[in-house]
Amino acid sequence: MNKNKQVGYLGPEGTFSHEAVLKVVDETDEIKPYPTILNIFEDLEDNKIDMAIVPVENSTEGSVLITLDCLTNFNNIKIIQEFQIPIKHNLLIQHGKTIDEIKVICSHQQPLAQCREYIYKLKKPVQSMPSTANAARYVTEIETAAVIGNKMLADKYDLKIIDENIQDYKNNVTRFLVLKKDAKTKPTGHDKTSIIISLYDDKPGGFYKVLYEFKEENVNLTHIESRPSKEGMGKYLFFIDMEGHKLDENISRVLMKVEKKVKMFKILGSYETINC
Ligand SMILES: O=C(O)C(=O)C[C@]1(C(=O)O)C=C[C@@H](O)C=C1
């Protein structure tokens, strides 16, 4: 008998990650909210869930760093798909309250950052919470608090939307990854491959030698990001995303060449970009 797939996401209900997970699951799948992104990776690694959806990059604020760190540390978890959703923020408060009565704006740190200019104009302090939905729960208890989050929060937590589309940049989108343990994918024609590398030593041309290989194989890079390797000041890991699947001839060649030139090399997956 086919067991229903269990799919983890950053909860509780009403987060943007909840909105995102609903876009990619089947009716038969069970979705499971988690308090943190780290907990999602742990349960996926321990086979307690079959799949997971995690935010990885926002067009305003950049990478979701905990996701990058977990991708580095959990060796068997692979990216199998990616997709983007528009992130439209709203300001919500308890029914019967007015903005003048609000003393604090609560949300996940990403939405707070995505609405920085808006909050600055409100001239009210902020409080960071584990997710937008946790913040909404808090607002149901504290009548002088407001939450920044999506429209789903109004119904789920019985709150009133007092301002819409408040993100500082109107084209605010977040890219999400679909993750699976030990997964293998086939090329679809619209794939990306993500790797992590570190360089042997800090000398002129070190990174150039790696980039040169991508140019030689005509591989288009879509993102490069450095993160501290945690080995000491000035020591970095480089996250590199490229167009193509690792089974494509030029990608397979470039990965072999790059692997020979670097100290640390890890493939995070070759995965399809899907439209939601
Ligand atoms: O708190 C939420 O609603 C989340 O789903 C988290 C999260 C994030 O970590 O980036 C997801 C997408 C948006 O960029 C804002 C917040």
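Bear in mind the structure is a predicted one, so any value in this text is a computation, not a measurement. (Residues numbered from 1 in each chain as written. Predicted model: local features only at pLDDT ≥ 70, side-chain atom pairs only at ≥ 80, totals over all residues.)

Engineer: Can you help me understand the overall build of the chain in this one?
Structural biologist: When helices and strands are tallied, the chain shows nine helices and 15 strands. Viewed in the frame of its principal axes, the chain has a C-alpha envelope of about 65 × 55 × 30 Å. Burial analysis of the chain (276 residues in total) assigns 36% to the buried set. Contacts spanning at least 24 positions in sequence make up 74% of the contacts within the chain whose residues lie at least 6 apart. (Helix = DSSP H or I, 4+ residues; strand = E, 2+ residues; numbered from the N terminus. Buried ≥ 20, exposed ≤ 12 C-beta atoms within 10 Å, placed from the backbone. Contact = placed C-beta atoms within 7 Å.)

Engineer: Help me understand the site of the ligand in this model?
Structural biologist: In the region of the ligand, 15 residues are neighbours, and Thr 15, Ser 17, His 108, Ser 131 and Thr 132 sit closest. At the level of secondary structure, the elements contributing two or more residues to the shell around the ligand comprise α1 (16-24), β3 (51-58) and α4 (109-114). Residues belonging to the shell around the ligand are distributed by class as follows: six nonpolar, nine polar and no charged. Residues from two domains meet in the shell around the ligand; each of domain 1 (6-87 + 172-181) and domain 2 (90-163) gives at least three. (Near = placed C-beta within 6 Å. Nonpolar A, V, L, I, M, F, W, Y, C, P; charged D, E, K, R; others polar. Domains from an automatic or database assignment.)

Engineer: Is there a simple way to explain the nonpolar core in this structure?
Structural biologist: Grouped together as the largest cluster of nonpolar side chains are 41 residues, with contacts concentrated most on Val 7, Tyr 9, Ile 40, Ala 52, Ile 53, Val 54 and Leu 179. Ranked by the residues each element gives to this core, the list is headed by β3, at five residues. Viewed by domain, this core spans two of them, domain 1 (6-87 + 172-181) and domain 3 (191-273), each represented by three or more residues. When residues no more than four places from it in sequence are discounted, the contact partners of Ala 52 are Val 7, Gly 8, Tyr 9, Ile 40, Leu 44 and Leu 179. Formed by 21 residues, the second largest nonpolar core is a distinct cluster that contains Leu 91, Leu 92, Ile 93 and Ile 148. (Core = buried A, V, L, I, M, F, W, Y, C linked by C-beta atoms within 7 Å.)

Engineer: Looking at this structure, I do not really get the UniProt feature "domain: Prephenate dehydratase" (unreviewed entry) in the chain. What am I missing?
Structural biologist: In this numbering, the UniProt entry assigns the feature "domain: Prephenate dehydratase" (unreviewed entry) to residues 6-181. Counted over residues 6-181, helix gives 31% and strand 36%. Its end C-alpha atoms are 13 Å apart. (UniProt positions renumbered as here; feature names shortened; annotations may be inferred.)

Engineer: Is there a simple way to think about the UniProt feature "domain: ACT" (unreviewed entry) in the chain in this case?
Structural biologist: The residues that UniProt annotates with the feature "domain: ACT" (unreviewed entry) are residues 195-272. End-to-end, the C-alpha atoms of residues 195-272 are 15 Å apart, and along that stretch the chain is 31% helix and 37% strand.

Engineer: I would appreciate a short explanation of the packing of helix α8 (residues 206-216) against helix α9 (residues 249-261) in the present structure.
Structural biologist: Between α8 and α9, whose axes approach to 9 Å, the crossing angle comes to 170°. Here α9 runs roughly antiparallel to α8, going by the angle between their axes. When α8 is examined against α9, the residues Lys 209, Val 210, Glu 213 and Phe 214 are found in contact with a partner set consisting of Val 254, Lys 257, Val 258 and Lys 261. A per-class count over the contact of α8 with α9 returns four nonpolar, no polar and four charged. (Axes fitted to C-alpha atoms, helices over the stretch in contact; angles between N-to-C directions. Parallel < 35°, antiparallel > 145°, perpendicular 65-115°, else oblique.)

Engineer: Got a minute to help me understand the domain arrangement of the chain in this structure?
Structural biologist: Where the parts come together, the accessible area they lose is often given as the size of the interface. Domains assigned within the chain are domain 1 (6-87 + 172-181), domain 2 (90-163) and domain 3 (191-273). Inter-centroid distance (C-alpha atoms) of domain 1 to domain 2 is 23 Å. Looking at side-chain class alone, the side of domain 1 that touches domain 2 contains six nonpolar, seven polar and three charged residues.

Engineer: Is there a simple way to explain helix α3 (residues 65-73) in this structure?
Structural biologist: Two residues of an α-helix separated by three or four positions point the same way, owing to the 3.6 residues in each turn. Those residues of α3 not exposed but buried are Thr 67, Cys 70 and Leu 71. Buried residues in α3, looked at end-on, bunch into an arc of 100°, giving them a common side. Where α3 is buried, its residues meet α2 (37-45), β3 and β15 (264-273). (Arc of directions from axis to C-beta.)

Engineer: Would you mind showing me how to read the packing of α2 against α3 here?
Structural biologist: A packed helix pair is summarised by two numbers, namely the angle formed by the two axes and the spacing between the axes. Axis separation between α2 and α3 bottoms out at 9 Å; the angle between their running directions is 25°. Classified by the angle their axes make, α2 and α3 are roughly parallel. The hand of the α2/α3 crossing is right-handed. From α2, Ile 37, Leu 38 and Phe 41 reach across to α3, where they touch Ile 66, Thr 67 and Cys 70. Taken together, the residues of the contact of α2 with α3 break down into five nonpolar, one polar and no charged. (Left-handed = near helix turned anticlockwise from the far one by under 90°.)

Engineer: For this particular structure, what's the right way to read the environment of Lys 103?
Structural biologist: Within the secondary structure layout, Lys 103 lies in the loop between β6 (90-94) and β7 (104-108). Counting along the chain gives 43 residues from Lys 103 to Ala 146, while the straight-line C-alpha distance between them is 8.0 Å.

Engineer: Would you mind showing me how to read the sheet that holds strand β9 (residues 145-149) here?
Structural biologist: Hydrogen bonds along the backbone pair up the strands of a sheet, which may run parallel or antiparallel. Strand order across the open sheet formed by five strands is β8-β7-β9-β6-β10, with mixed pairing between neighbours. With one partner strand each, in any of the chains shown, β8 (126-129) and β10 (159-163) form the two edges of the open sheet. When the angles between neighbouring strand axes are averaged without regard to direction, this sheet yields 35°. Pairing of β6 with β10, which is carried by four bridges, proceeds in the antiparallel orientation. Residue pairing in the sheet places Leu 92 in a bridge with Ile 161 of β10. Most of the contacts of helix α6 (residues 132-141) go to β9, to which it runs at about 155°, and overall it touches β6, β7, β8, β9 and β10. (Pairing = 2+ DSSP bridges.)

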